[in-house]
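Spelled out from the first residue to the last, the chains are:
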Amino acid sequence: MTHNELWQAALGEIELSISRANFITWFKNTAILSLKNGKVIIGVPNGFAKEWLENKYRSYILKALQNIQGDIKEINCVIYNYDDFGLNKTKSVDALKKPSCPVSIKDISAGIINEENNLNPRYTFESFVVGENNELARAACWAVSQNLGKMYNPLFIYGGVGLGKTHLLQSIGNEILKNCPEKKVRYVTAERFASELIDSIKNQKVDLFKQSYQKIDLLIIDDVQFLSGKEKTQHEFFHVFNALYQLNKQIVISSDRPPKAIPTLEERLRSRFEGGMIADINRPDLETRIAILKTKSAEKNVDLSEETARFIAENIKSNIRELEGALNRVIAASDLEQSKITLLFVKKVLSDIISSGRRKSVHYQHIIKVVSDFYDVRVEDLTTKGRRKEVALARQIAMYLMRIELNASYPGIGEQFGGRDHTTALYAFEKINKEIEGNENLKEAIVALREKIYTL
Ligand code: ADP
Ligand code: MG
């Protein structure tokens, strides 16, 4: 058993014994660096994680490891740089990231999407830049496009937001239609699948709904994590899935995390997903980011020098959607100001994102999103009126975090929550601030949330 296999197995156990939020927060980007004479050294990304793993989770970790390998006696954590370690291919925990940026490129290009198959012709293999972070997923998708239904079925692609899952999945569809226009391809988000299903139930047309899927040669279901907890939809999805699968039809699925990390996924669906091929997409390295910027600027007929591309790529690392967003912003500004895209110009245009570092880029919406994910409440419930108790606490915590992290004014905070009065925000801040002192759980949640705000 390799260190990595040992650690993945241990993580599997640890995951069952602590809350999901804590698991993601503290075990992301960790790895076993060495194992000698029963002593395990675990690499962790920061001092924060070291402290938590060594103090709070020591016994969990030790127990999980000992269950797999009885002779393990001791663990220690050291801080290391995950990316330098070349472990990218198996970042199963890292891939549990949730979306942080709600703006979708889909919104921009809505006009050109084909109504029958829902594919955006812009998403092709040709326009997809291959790097170390995505080569496995890309190869799997390509193989599927060349051997529909025969290679990997289902193909399951997972990775964080804005890293190219939708682009890759749709590339398969576009490639198929290029070579075999008679094939029936359908791209659908899991969310849309669910809402169409619900409509069909309402209109008593479930059979029609199922039939419409059985005619398909390639079914692409995007963001399947959305089905989490939706039992009835999962149930119907399973039937559609099985019907297609038995007819040797190809199914491709994406998710922001691996099947085993999707809570409340029906067991038989999970095992179906795991029965095929699973590939992940990670964050792109610097060279890949530069290559992507060059490709995107060339697509837009914009001349971007090596120096400026490098500058943007060095400063925007989180995901490709944001990278593209920054590029679009630069291009728009240069059009508007009739200026050439020099390094100086780019620095000026992107100054608010870049120079002031992370703090500024942590926006209100991001905090709301992180808190709503953490407490599993909907963003709308958090930001509109309503008095359910769990929601009220989550809301107060979000207000508190805005004050702490953004130094936001109370009226400014109130505005984010459906125009609540500033005294509400003030009250929330003071209440949480006071309660943290005596409430260990709350304290833990806040620490985890703050960590998540900066890492997701
Ligand atoms: P996800 O579905 O994983 O959230 P998307 O597929 O929507 O991400 O990608 C976000 C944006 O980044 C899209 O505009 C996509 O074209 C672009 N993109 C992502 N990865 C690549 C890549 N490797 N090469 C070129 N463009 C990419
Ligand atoms: Mg997507």
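Computed from a predicted model, the values in this text were never measured in an experiment.

If you tally the helices and strands in the chain, you get 23 helices and eight strands. In terms of C-alpha radius of gyration, the chain reaches 23 Å, essentially the compact-globule figure of 23 Å for 456 residues. For the chain, buried positions account for 50% of its 456 residues. For the chain, the share of sequence-separated contacts (at least 6 apart) that also reach a separation of at least 24 residues comes to 72%. The distance from the centre of the 64 positive side-chain charges to the centre of the 58 negative ones in the chain is 2 Å.

Right, let's get into the sheet that holds strand S1 (residues 31-36). Neighbouring strands of a sheet are bound in pairs by backbone hydrogen bonds; such pairs are parallel or else antiparallel. Ordered by their spatial adjacency, three strands build an open sheet running S1-S2-S3, and the pairing between neighbours is mixed. In the strand order of this sheet, the two ends are held by S1 and strand S3 (74-79), each with one partner. Ignoring strand direction, the axes of neighbouring strands in this sheet form an average angle of 25 degrees. Together, strand S2 (39-44) and S3 form the strand contacts of helix H3 (residues 47-56), whose direction differs from that of S3 by roughly 170 degrees. The strands touched by helix H4 (residues 58-68) within the sheet are S1, S2 and S3, with S3 carrying the most contacts at an inclination of about 120 degrees.

Taken together, 20 residues surround ligand 1, and among them Val129, Gly162, Thr166, His167 and Glu324 come closest. With respect to ligand 1, the backbone of Val129 contributes an N or O atom lying 2.7 Å from a nitrogen atom. The separation between an oxygen atom of ligand 1 and a polar side-chain atom of Arg321 is 2.8 Å. When ligand 1 is considered free in solution it has 550 Å² of accessible area, and contact with the protein chains removes 98% of it. Of all the secondary-structure elements, those providing two or more residues to the shell around ligand 1 are helix H7 (165-179), helix H12 (286-299) and helix H14 (320-337). Tallied by class, the residues present in the shell around ligand 1 amount to eight nonpolar, seven polar and five charged.

This part takes up the pairing of strand S5 (residues 185-189). Buried residues dominate S5, accounting for five of its five residues. On S5, burial covers both faces: Val185, Tyr187 and Thr189 on one face and Arg186 and Val188 on the other are all buried. As judged from the five bridges shared by S5 and strand S6 (residues 218-222), these two strands associate in the parallel manner. In the strand pairing of S6, Tyr187 is matched with Ile220.

Here the focus is the confidence of the model for the chain. Here the chain shows a mean pLDDT of 85. Residues at 70 or above account for 91%. Mean pLDDT per element in the chain: helix H5 (residues 105-108) is the minimum at 33, and H7 is the maximum at 97. In this model, residues 356-361 is a region of pLDDT below 50 whose contacts with residues beyond four sequence positions or in other chains number seven contacts.

On to the pattern of salt bridges, then. Two side chains carrying opposite charge are able to pair once their charged atoms lie near each other. Applying the stated criterion across every chain, the model contains 20 salt bridges. The residue Lys178 makes a salt bridge to Glu126 at a minimum N-O spacing of 3.3 Å. Of this pair, Lys178 sits in helix H7 while Glu126 sits in the loop between H5 and helix H6 (135-146), placing them 52 residues apart in sequence. An identical accessibility class is assigned to Lys178 and Glu126; each is exposed. In this structure, Lys178 and Glu175 form a salt bridge, with 3.4 Å as the shortest nitrogen-oxygen distance. Of this pair, Lys178 and Glu175 both sit in helix H7, separated by three residues, roughly a single helical turn.

This next bit is on the sheet that holds S5. Spatially, five strands are ordered S5-S6-S7-S4-S8 in an open sheet, and the strand pairing comes out parallel. Looking along the sheet, the strands with just one partner apiece sit at the ends: S5 and strand S8 (277-281). Across the sheet, the axes of successive neighbouring strands diverge by a mean angle of 15 degrees, strand direction being ignored. Against the sheet, H7 makes contact with strand S4 (155-159), S5, S6, strand S7 (250-255) and S8, and its axis sits at roughly 165 degrees relative to S6, the strand it touches most. Packed on one face of the sheet, helix H8 (residues 190-202) meets S5 and S6 and runs near 90 degrees to S5.

In this structure, Val371, Leu401, Ile413 and Ile446 are the most contacted members of the largest nonpolar core, which totals 27 residues. At the level of elements, helix H18 (364-375), helix H20 (389-406), helix H21 (410-416), helix H22 (422-438) and helix H23 (440-455) are the ones that each hand at least two residues to this core. For this core, the element with the highest residue contribution is H20, accounting for eight residues. Residues contacting Leu401, with those up to four places away along its chain left out, are Ile367, Val371, Leu406, Ile446, Leu449, Arg450 and Ile453.

One pass over the full model with this rule turns up 18 aromatic pairs. For the pair Phe193 and Tyr213, a centre-to-centre distance of 5.3 Å together with 70 degrees between the ring planes defines the contact as edge-to-face. Remark: Tyr213 occurs in helix H9 (residues 206-214) and Phe193 occurs in helix H8; sequence separation between them is 20 residues. Phe193 gets classed as buried once you look at its relative accessible area, which sits at 0%.

Time to look at helix H13 (residues 306-315). Here H13 has its buried residues at Thr308, Ala309, Phe311, Ile312 and Ala313. Of the surrounding secondary structure, the elements contacted by the buried residues of H13 are H12, H14, helix H15 (343-349) and helix H16 (351-354).

Another point: the environment of Ile221. Within the secondary structure, Ile221 is located in strand S6. In this structure Ile221 comes out as buried when scored by relative accessible area, which is 1%. When residues no more than four places from it in sequence are discounted, the contact partners of Ile221 are Leu169, Val188, Ala190, Phe193, Phe237, Val252, Ile253 and Ser254.

Rules and cut-offs
- Residues numbered from 1 in each chain as written.
- Chains lettered and ligands numbered in written order.
- Predicted model: local features only at pLDDT ≥ 70, side-chain atom pairs only at ≥ 80, totals over all residues.
- Heavy atoms only, no water.
- Helix = DSSP H or I, 4+ residues; strand = E, 2+ residues; numbered from the N terminus.
- Rg over C-alpha atoms; globule rule 2.2 N^0.38 Å.
- Buried < 20%, exposed > 50% of the residue type's maximum accessible area, 1.4 Å probe, protein only.
- Contact = heavy atoms within 4.5 Å.
- Lys, Arg positive; Asp, Glu negative; His and termini not counted.
- Charge placed at Lys NZ, Arg CZ, Asp CG, Glu CD.
- Pairing = 2+ DSSP bridges.
- Axes fitted to C-alpha atoms, helices over the stretch in contact; angles between N-to-C directions.
- Near = heavy atom within 4 Å.
- Polar contact = N/O pair within 3.5 Å; in protein donor to acceptor, adjacent residues only side chain to side chain.
- Areas by Shrake-Rupley, 256 points an atom, 1.4 Å probe, with all protein chains shown as cover.
- Nonpolar A, V, L, I, M, F, W, Y, C, P; charged D, E, K, R; others polar.
- pLDDT = per-residue confidence, 0-100.
- Salt bridge = Lys/Arg side-chain N within 4 Å of Asp/Glu carboxyl O.
- Core = buried A, V, L, I, M, F, W, Y, C linked by side-chain atoms within 4.5 Å.
- Phe/Tyr/Trp six-rings, centres within 6.5 Å; stacked < 30°, edge-to-face > 60°.

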